[in-house]
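What follows is the residue order along each chain.
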Amino acid sequence: MNAYKFFLEFHSGFRYVVFVMVVIAIFSAFAGWFGKKTYSDGNRKFNLFTMISVHTQILLGLVLYFLSPFVKFAGGVMKDPASRYWTVEHISMMIIAMILVTIGHSKSKKAILPGDKHKAIAVFYTAAFVIIVVAIALMTKDVPGRTFFGMSY
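Remember, predicted model here, so these are calculated numbers, not experimental data.

Rules behind the numbers
- Residues numbered from 1 in each chain as written.
- Predicted model: local features only at pLDDT ≥ 70, side-chain atom pairs only at ≥ 80, totals over all residues.
- Heavy atoms only, no water.
- Salt bridge = Lys/Arg side-chain N within 4 Å of Asp/Glu carboxyl O.
- Buried < 20%, exposed > 50% of the residue type's maximum accessible area, 1.4 Å probe, protein only.
- Core = buried A, V, L, I, M, F, W, Y, C linked by side-chain atoms within 4.5 Å.
- Helix = DSSP H or I, 4+ residues; strand = E, 2+ residues; numbered from the N terminus.
- Contact = heavy atoms within 4.5 Å.

Concerning the pattern of salt bridges
And then number 1: Summed over all chains, the structure comprises four salt bridges.
And then number 2: Taking the shortest distance from any N to any O, the salt bridge between arginine 84 and glutamate 89 comes out at 2.7 Å.
And then number 3: Judged by relative accessible area, glutamate 89 falls into the buried class, the value being 19%.
And then number 4: Ionic contacts of the salt-bridge type, sharing partners, join the residues Asp41, Arg44 and Lys45 into one network.

Looking at the nonpolar core
If you look at soluble globular proteins, the nonpolar side chains tend to sit buried side by side.
And then number 1: Formed by 30 residues in total, the largest nonpolar core has its most connected members in Val54, Met94, Val101 and Tyr125.
And then number 2: Broken down by secondary-structure element, the contributors of at least two residues to this core are helix H1 (3–34), helix H2 (41–67), helix H3 (81–110) and helix H4 (114–142).
And then number 3: Examining the composition of this core, we find that nine residues originate from one element, H3, more than from any other.
And then number 4: Excluding anything up to four places from it in sequence, valine 54 contacts Val18, Val22, Met98 and Val101.

In structure tokens form, the structure reads like this:
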């Protein structure tokens, strides 16, 4: 197994962990916000681990970005939908999603009221989740043979 294959499989498998953690964090935040629940240490830790998982996924993706045969730094990249997706769109959207998760976590740490802590997580993690889903949906449109839960080879 070469480095590209290792990072591809690690990145592709770890996305399910990230996806599930983000969804749980969002549901928990909305339940806490609208249910006027306290912001527990468990909430804080889970949201932190969710942010760490997103950052880890980005780091795996950055390594993969420079190993991938689908990423091209040549002329004509913007004219080819698959090359444009892997070289520009995917990484840009995922970095934006990571930034939103980081902002949400930071705002929740700075907030004083429990409702504001839950609200920060709910709003920013949801925005990040929407960007992630849109990025995956673009992939299924622009990259031939890819499905929503598929893997590149």
